[in-house]
Amino acid sequence: MWLRVILLAMKALQLAGALDLPAGSCAFEENTCGFDSVFAFQPWILNEEGHYIYVDTSFAKQGEKALLLSSDLQAEEWSCLRLVYQITMSSGSLSHPSRLNLYLRFEDESFDRLLWSTDEPSDSWLIASLDLQNSSKKFKILIEGVLGQGNTTSIALFEIKMTTGYCIECDFEENHLCGFVNRWNPNVNWFVGGGTSRNSHSILPQDHTFKNELGHYMYVDSVYIKHFQEVAQLISPMTTAPMSGCLSFYYQLQQGNDNVFLLYTRDVTGLYEEIWKTSGPENPVWNLAEVEFNAPYAMEIIFEVAFNGPKGGYVALDDISFSPVHCQNQTELPFSASEASCNFEEDLCNFYQDKEGPGWTRVKVKPNMYRPGDHTSGLGYYLLANTKFTSQPGYIGRLYGPTLPGNLQYCLRFHYSIYGFFKMSDTLAVYIFEENHVVQEKIWSVMESPRGIWMQAEISFKKPMPTKVVFMSLCKSFWDCGLVALDDITVELGSCWSPEKLSPPPGECTFEHDECDFTQERRNRSSWHRRRGETPTSYTGPKGDHTTGVGYYMYIEASHMVYGQKAHLSSGPLRGVTGKHCLTFFYHMYGAGTGLLSVYLKKEGDREEFLLWRRRGEQSISWLRVQVEYSCERQHQIIFEAIRGVSIRSDIAIDDVKFQAGPCAEVEDTTQQSSGYSEDLNEVEY
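The chain has the name MAM domain containing 2 in an unreviewed UniProt entry, where Phyllostomus discolor is given as its organism.

Okay, here's the thing in structure tokens:
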């Protein structure tokens, strides 16, 4: 195994090129170029002959981590970070694979941002290309290797390179081809041309970059075509940050009538869209193509050549570049998904109703036993369709959203709550209308749902024409009408089920999959518990979580505790940084005997904890939002302490915890924003 790794490392040496690499780069020839192993974890080992660093199970155990941290970096211009790596594993260890993670650590944030992760093993090196958006903030690169199962498991890094520019740009002068890959076909493939390459039977051109025989480009030749419509594809790295502008490249055709050259985009769900193709016969010279390229979510570009026979000649490609400035004669402004989102705290945003009458009313309700408050904060505004008091059965209330441009993938999320209907089917439905309101398509409707709980719905859709999302509430008969509530409509570009949307953003925990980095000193019946649905004791605790209505939250079960007993839930270590932090979370304190919920700051090295926020007694049947602002320049933890009250109706729950850099946003007093001490602090314990 080690011989194979060394041979692969020698190949990686060819990638390194000159040793005078930009900041944030390293070829690991003689040292680690300012990248240092983090002392508290396993070290990355520099191979004796250079060329790579590694961590393996010869000196570390399964599950152990090795962390590599760069010096301070800055990307004032858009940059591309490329990582050449290899993960090897023992046969039969698929259930516990090794994992390689790459984080960005910004100077003003107390947590690390996961940029990329993989557990893909291989017999040769692989390349990851990651876009870094321009920012004035300083940051560090943190690379984490987590060893999996097996005696011969290893993780190796051959090169890290950070350069100015976009990852989809390439002049094909480096051996790694900027992460572009050929989709292998038995008869027709993309090859590297130029330099000393003489693999083709065709007379190939000089490259465009240097305009001589020393430069390189990519080409595909029809000489080995055996079937009708043979296709060769050259696939770019997947974009990892939103971008919009002009994609340009140079191409050359030896054109008969037997080839077609096209450019597609493909997103993570596999949807293709043609964005360019050759329009007719071309001169056998380097031609410039400029294409409007919009990638609001992760996608790759695919250069495809289709041949109808062996006399289709060749197609050559070189100098792919990108500019955030639109191509010539393009003045269209990029669409902002926030224009189609609304929490109804101020008004209806860009939503509107039919002129016949107000089917939906913006309301603010004091939470009670029968009706919780809004979803946004527990004490704010939402929309209510009160079909019980409409003039006739069969009444439909329509709420129209703003126009959404066509040919984009959208993720629509919203929260709804339904009361009073005997039959819930179709009491709330979502339609897609074409802009002229003629064609409509139902894309979602309520079937059955728990009553009186804010439930989340999410829908992915893509239509070729501009469309509007329309929410409809329906009362089918006078004897079966009720209330339909709607809140927190969000529209995002991309599929709801794309990988980057399946896990919460950095610094956030929804408790949907696990307890994140939260820990407890002991776990027993009187600890914090992760739960979904309502709590066992009646007249206390939530009926569902805040995130989706059917997900998980953390709570204390008062029937398992005694009066005054405490439970502590501690965050993972948070880095101290200069400036303010903002902690946001939702809490649920409902029940006649409810006790005390407190939030503490515990600084590293201190024995005492500093009280940041507190609530005592029953607060609401709703989930309530709170924002706590604090400062700490030392490593610290946030501790949630719940104290059981005077009776078993004392369940306390928290959900959707979020840490953010900087001060808390301006919010109304109704969100119960609290900084420093809160009311009733003379008594800390019962």
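Draft legend 1. Here's a closer look at the state of the cysteines. In total, this model carries eight disulfides according to the counting rule given. One disulfide bridge connects C509 with C516, the sulfur atoms lying 2.0 Å from each other. Given an S-S torsion of about 90°, the disulfide between C509 and C516 has right-handed geometry. A disulfide bridge connects C582 with C664, and the sulfur atoms are separated by 2.1 Å. Residues C582 and C664 are joined through a disulfide that is right-handed, its torsion about the S-S bond being 105°. Residue C582 is found in strand 36 (residues 577–589), and its partner C664 is found in the segment after strand 41 (652–661); the two are separated by 82 residues along the sequence. Each of the two residues, C582 as well as C664, counts as buried.

Draft legend 2. Looking closely at the nonpolar core. Ranked by internal contacts, the top residues of the largest apolar core, which has 71 residues, are W190, F249, F261, F303, L412, F414 and F471. When we break this core down by domain, the ones giving at least three residues each are domain 2 (177–323) and domain 3 (337–493). When sequence neighbours within four positions are dropped, the list of residues in contact with F471 reads F351, W360, G397, R398, L399, L412, F414, A429, V430, L486 and I489. One finds F511, M561, L612 and I638 within the second-largest nonpolar core, a separate group that totals 32 residues.

Draft legend 3. Representation of the side chain of S460 in the model. Locating S460 in the fold gives a position in strand 29 (residues 455–462). Here the side chain of S460 touches C496 through a polar contact of 2.8 Å, landing on its backbone nitrogen.

Draft legend 4. The pattern of salt bridges, seen in detail. Under the definition given, this model contains 16 salt bridges. For R575, the salt bridge is made with D112, and the minimal N-O distance between the two is 2.8 Å. Placement of R575 in the loop between strand 35 (566–570) and strand 36 and of D112 in the loop between strand 7 (99–106) and strand 8 (113–118) is noted, with a sequence separation of 463 residues between them. Owing to a relative accessible area of 21%, D112 belongs among the partly exposed residues under this scheme. With a shortest N-O distance of 3.6 Å, E508 and K658 are connected by a salt bridge. Here E508 is found in strand 32 (residues 508–509), whereas its partner K658 is found in strand 41, with 150 residues between them in sequence. Here E508 falls in the partly exposed class, since its relative accessible area comes to 25%. K658 gets classed as partly exposed once you look at its relative accessible area, which sits at 28%. Among the charged side chains, a salt-bridge network with shared partners connects R105, D112 and R575.

The rules behind these values
- Sequence positions are assigned chain by chain, starting from 1 and proceeding in written order.
- In keeping with the model being predicted, local features are shown solely for residues with a pLDDT of at least 70 and side-chain atom pairs are shown and tallied solely at 80 or more, while totals for entire chains, interfaces and linings include all residues.
- Excluded from the side-chain calculation are hydrogens and water; included are all heavy atoms of the structure.
- Sulfur atoms of two cysteines make up a disulfide when they are within 2.5 Å.
- Counting from the N terminus, the helices are DSSP H or I runs at least four residues long and the strands are E runs at least two residues long.
- We call a residue buried when its accessible area falls under 20% of the maximum for its residue type, exposed when it is over 50%, and partly exposed in between, using a 1.4 Å probe and counting protein chains only.
- What makes a nonpolar core is a set of buried Ala, Val, Leu, Ile, Met, Phe, Trp, Tyr and Cys residues whose side-chain atoms join them at distances within 4.5 Å.
- Note that the domain bounds were set by an automatic or database domain assignment.
- Every residue pair with non-hydrogen atoms within 4.5 Å of one another is taken to be in contact.
- Pairing of N or O atoms within 3.5 Å defines a polar contact, subject to two protein rules: one partner must be a possible hydrogen donor and the other a possible acceptor, and residues neighboring in sequence count only if both atoms are side-chain atoms.
- A pairing counts as a salt bridge when a side-chain nitrogen of Lys or Arg comes within 4 Å of a carboxyl oxygen of Asp or Glu.

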